[in-house]
Amino acid sequence: MIKTINISLARWQQLFSWALLLLSVVVLLLAYPLLQKGFVLETDLQSLFPQDRHNPLVNKINERLYREFGNKLLVAVQAADMEQASAAAELVDVAINTNPQLQISAPNAQMELAAHQRELLQRYRYQLLTPAQQQLINTQTQDLLEQAQAALFGFSLGGSGLSPLQDPLNLSPAYLQQLQPAVKGEFINDRLVISNSDGHLILFVLNLHGEAFNLQLQAQMSSWLLNLRNQLASNPQTSATQVLVSGAVFHAAEASANAQREMSIIGGGSSLGVLLLFLLAFRRIKPLLVSVLSIAYGCLVALVINHFLFGKIHLMTLVFGASLIGVAVDYSLHYLCKHQDLSRAVPDAHLRGKRVLEKLLPALSLSLITSVLGYSSLLSTPLPGLQQIALFSMMGLAGSWLFLVVTYPLLIRQPLPQPVAIIDRCAAAVWLFWARMRGVPARLIAVGLATLIVVGIVSVQLSSDVRTLYKPSAQLLASEQRLQRALQGVAPNQYFLLRAKTAEELLQSEERFRREHLDGLVAAGALTGYIATSSIVPSLQQQAVNYALLQPLYRAEGLVGQFMQSAGFDAQAIVQAEQDFSAAAPQHLLVDDWLKVARPDQGLLWMGQLEGDYVSIVGLRGVADVQALSAAANNHSVVWVDRVAGMSQLLQSLMNSAALLLLLAYLVLLLLLWIYYRRAHALLLIFVPLLATLTTLSLLSISGVAINVFHVFGCYLILGLGMDYAIFSFAEGTQDQVTRRAIWLSALTSSLSFGLLALSSTPMVSAFGITLLLGCCFNLFYAPLIGRLHKISVSGGKPNERQ
């Protein structure tokens, strides 16, 4: 039988050797262009979240909005004293001009654009009326006459630029006023100055050259901002000023800096922990170096393949991948512990290597399969970031495993001394605990654990709020909130989407929606205002109505003639005004003409043709009642878009799917255990990760932690690690000191890695880490129970013996 197994093992080793050689060649071929073109590292956290597959139109609009505004920055200085604010603005202006990545949006260009807009709208002045003017014409023409008379002597100051002959009733200024931003500020020395209760704020609107999620650019902008703040703080004239910023690059830079720092801490902490454990367990440096080599090979395989398949790699993949150190080292620990045990009994190095693989290869193989199955469930998620994490882990573990099976018998040949005594004492502690827990104590523990799980299930709270998964620093959040209050800007993630078959139908739909819903919502305080294309460019139907409203006023003896006559105009001027009005009858302002002179923020309100329909959006200011706004969109042609709420709904759906897939993974592993062991009691191995998962989630729930999707994803790894411990415990039994040592060392290294993840400042990473930290501990706690099944297996014959 031994000869048969040896021949079989030799064949397997030959196959694995060719597989390792082939994999190494593929990795080298894929790594060559990567070294030439460079490494693409993505830091955009939004790419971790799924897109709404049910509304691709919303996805297209969101992408278009990001392309337009993703590289826009706001930088402002604020001080209680205007002189200090001005001095700080001068220093900011110099810092911007010396930074090649930044460009100030020129106020002169904006003013020139505004002049073109006024010229265009004045050309179609007879077709353009505000709702208030429409009401005055219908009901209170005398008030309209009085307003025109009051403006007669001041038409050249702050008016429309039209003479009383061109605009007798002075209607254009009120319509042009809609073009003005909602912000209450003034331009001083070509800079926007806003004064409020917080002091004086001077604003710079900047364009960023480059991609906001480029790591090098993020580092440059972080350094630039830090230097600017230090410069202002060190100057006595500007030390009391504050620098406020807003923009995607600042969020990306902060997230990337945190992730890089945490990746170093996690990887470094894991490495130090592994170093200490290896020195205590094996008292030699070579086992550690070989293990590091195995892990490095697995990480290289995972990195190169991931980058080749996805074209980039997300920073969060590397953060989670750093924890792979604590998982992949399990294989090395089992091999080294078994080699250590056979060092005295089998003096021949070549034979000792074979014996180690004879003992471990079945369990190592099954452990790899169960771990890969656990990670593979993440591949079915619609999140590219999590797909990368899953593939990275699968490839990394497979690469490390293959490296171990092929090279360890060649690299680890010298006998290894026995470990420091404390290692085996600690490793045996959990097994001894369960050995002593019999009768009443055992029943009390069972009742206590059952109570914990039941209470946890009853008190569980689920969370899918996307805002809990990313938290910017308090300084950056406060900065953006203060800028938002000062500028009274449009809500970036909340808007109404309207669609229709033609441009005219879309404009009419906008007008109807504004009239029937939005104006009432503004009056009720649900929002402070809105911007829409139809506010500037009415539908052709509304333009005809406006012209018809003015028609009686321009007739002989009409209001226009009365006003001009009272103002001293002669009959010829009155006739000329009436003729100008008549000549304008066939004219209409078109959306295409308006888009030629519109600002970017105005132009994006009109999306044009998308998916066979004309599409527009209505921007909102000062959103206060989301529920009321959502209720206003009650048909297919008007859609309420709340990106944060939409992401939360998608994450809720994703969490439900992940939970079902986790259940499916358990069922698949049950089938695998039956196929491999062909013993009913072997199916109980699944209870180690199952009980660890339930205990972990229950403890989190009782502690007041709301379970989110990343807690659920952590349960996949609990499943893989728990199966690892259960398989080796079942294979060797409760009395095998080597297995206890390897499992304890594995649990400790994994707990160290994932425990550091729990300290992350990124909530989703922290959730993942705390779940795995508790899961690893409970896996170790429950693993000795499976060892008792070994006696049953031995008494019934060896499981699934390979002949």
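Residues numbered from 1 in each chain as written. Predicted model: local features only at pLDDT ≥ 70, side-chain atom pairs only at ≥ 80, totals over all residues. Heavy atoms only, no water.

S.K.: Would you mind showing me how to read the overall build of the protein here?
M.R.: For the protein, the count of helices and strands is 31 helices and 13 strands. In terms of principal-axis extent, the alpha carbons of the protein reach across some 125 × 55 × 50 Å. Taking all contacts inside the protein whose residues are at least 6 apart in sequence as the whole, residues at least 24 apart take part in 82%. Accessible surface, the protein: about 36400 Å² in total, of which carbon and sulfur atoms supply 60%. Charged side chains in the protein number 52 positive and 48 negative. The centres of these two groups are separated by 24 Å. (Helix = DSSP H or I, 4+ residues; strand = E, 2+ residues; numbered from the N terminus. Contact = heavy atoms within 4.5 Å. Areas by Shrake-Rupley, 256 points an atom, 1.4 Å probe, with all protein chains shown as cover. Lys, Arg positive; Asp, Glu negative; His and termini not counted. Charge placed at Lys NZ, Arg CZ, Asp CG, Glu CD.)

S.K.: Where do I start with the pattern of salt bridges in this structure?
M.R.: A side chain with one charge may pair with a side chain of the opposite charge, provided their charged atoms come close. Within the structure shown, the criterion is met by eight salt bridges. One salt bridge in this structure joins Arg741 and Asp424, with 2.8 Å as the shortest N-O distance. Pair noted here: Arg741 is in helix 29 (residues 737–757) and Asp424 is in helix 15 (residues 421–436), with a separation of 317 residues, a long-range link. Close ionic contact of Asp601 with Arg599 constitutes a salt bridge, the shortest N to O distance being 3.1 Å. Residue classification places Asp601 among the partly exposed positions, given a relative accessible area of 31%. A cluster of three or more residues bridged by salt bridges with shared partners is formed by Glu90, Asp93 and Arg191. (Salt bridge = Lys/Arg side-chain N within 4 Å of Asp/Glu carboxyl O. Buried < 20%, exposed > 50% of the residue type's maximum accessible area, 1.4 Å probe, protein only.)

S.K.: When you look at helix 10 (residues 286–310) in this model, what are you seeing that I'm missing?
M.R.: The α-helix advances 3.6 residues per turn, and as a result positions three or four apart in sequence lie on the same side. Counted at 1.5 Å a residue, the expected span for helix 10 with its 25 residues is 36 Å, and the 36 Å between its end C-alpha atoms agrees. Gly311 sits one or two residues past helix 10 and shows a positive phi near 75 degrees. (Expected span 1.5 Å × (residues − 1).)

S.K.: Explain the side chain of Asn99 to me, please; I cannot follow it from the model alone.
M.R.: Relative to the elements of secondary structure, Asn99 occurs in the loop between helix 3 (82–97) and strand 3 (102–104). Exposure remark for Asn99: the relative accessible area of 10% places this residue in the buried category.

S.K.: What exactly am I supposed to notice about unusual backbone geometry here?
M.R.: The general pattern is negative phi for most residues beyond glycine and trans for most peptide bonds. Its identity as a non-glycine residue notwithstanding, Asn170 has a phi of 55 degrees, on the positive side. You can see Asn170 is positioned in the loop between helix 6 (141–151) and helix 7 (172–176). In this structure, Glu611 is a non-glycine residue whose phi angle is positive, near 55 degrees. Assignment of secondary structure puts Glu611 in the loop between strand 11 (606–610) and strand 12 (613–621).

S.K.: Is there a simple way to explain the nonpolar core in this structure?
M.R.: Within soluble globular proteins, side chains that are nonpolar generally end up buried alongside one another. Judged by nonpolar contacts, the single largest core of 116 residues is most densely connected at Trp401, Leu685 and Phe713. Core analysis: the second largest hydrophobic core is formed by 33 residues, Leu121, Phe496, Leu507 and Ala532 among them. (Core = buried A, V, L, I, M, F, W, Y, C linked by side-chain atoms within 4.5 Å.)

S.K.: Help me out: how do you make sense of the packing of helix 26 (residues 643–677) against helix 28 (residues 709–732) in this one?
M.R.: When two helices pack together, their arrangement is captured by the angle between the axes and the distance separating the axes. Look at helix 26 against helix 28: their axes get within 8 Å of each other, and the N-to-C directions meet at 15 degrees. Relative to helix 28, helix 26 is oriented roughly parallel. The crossing of helix 26 and helix 28 is right-handed. Across from Leu651, Leu654, Met655, Ala658, Ala659, Leu661, Leu662, Ala665, Tyr666, Leu669, Leu673 and Tyr677 in helix 26, the residues of helix 28 making contact are Val709, Val712, Phe713, Cys715, Tyr716, Leu719, Met723, Ile727 and Phe730. Considering only residue class, the contact of helix 26 with helix 28 consists of 21 nonpolar, no polar and no charged. (Axes fitted to C-alpha atoms, helices over the stretch in contact; angles between N-to-C directions. Parallel < 35°, antiparallel > 145°, perpendicular 65-115°, else oblique. Left-handed = near helix turned anticlockwise from the far one by under 90°. Nonpolar A, V, L, I, M, F, W, Y, C, P; charged D, E, K, R; others polar.)

S.K.: Sorry, what's going on with the environment of Ala212 here?
M.R.: One can find Ala212 in the loop between strand 6 (199–208) and helix 8 (215–234). Distance from Ala212 to His251, taken between C-alpha atoms, is 9.3 Å for residues 39 residues apart in sequence.

S.K.: Please explain the pairing of strand 12 as it appears in this structure.
M.R.: Put simply, side chains in a regular strand alternate between the two faces of the sheet. Extensive coverage of strand 12 is indicated by the burial of eight of its nine residues. Here strand 10 (residues 529–531) pairs with strand 12 via three bridges, running antiparallel. Within strand 12, the position partnered with Ile531 by the bridge is Gly619. Pairing of strand 11 with strand 12 involves four bridges; the strand directions are antiparallel. Residue pairing for strand 12: Trp606 is matched across the bridge by Ser616. Linkage of strand 11 to strand 12, two consecutive antiparallel strands, is achieved through a turn of two residues, within which Glu611 is found at a positive phi near 55 degrees. (Pairing = 2+ DSSP bridges.)

S.K.: What is the right way to read helix 3 from this model?
M.R.: Here helix 3 contains 16 residues, and its C-alpha end-to-end distance of 22 Å stays within 8% of the 22 Å for a straight helix at 1.5 Å per residue. Looking at the packing, one finds that the buried side of helix 3 touches strand 2 (72–79), strand 3, strand 5 (191–196), strand 6 and helix 8.

S.K.: Looking at this model, I keep getting lost on a nonpolar patch on the surface. Mind explaining?
M.R.: Side chains of Leu272, Leu275, Leu279, Ile285 and Leu289 sit close together on the surface and give an oily, nonpolar patch of about 450 Å² of accessible area. With three residues, the single largest contributor to the nonpolar patch is helix 9 (residues 248–282). Mapped onto the elements of the fold, Leu289 is located in helix 10. By relative accessible area, which is 53% here, Leu289 ends up exposed. (Patch = residues over 30% accessible without salt bridge, like charges linked within 9 Å, V, L, I, M, F, W, Y side chains within 5 Å.)

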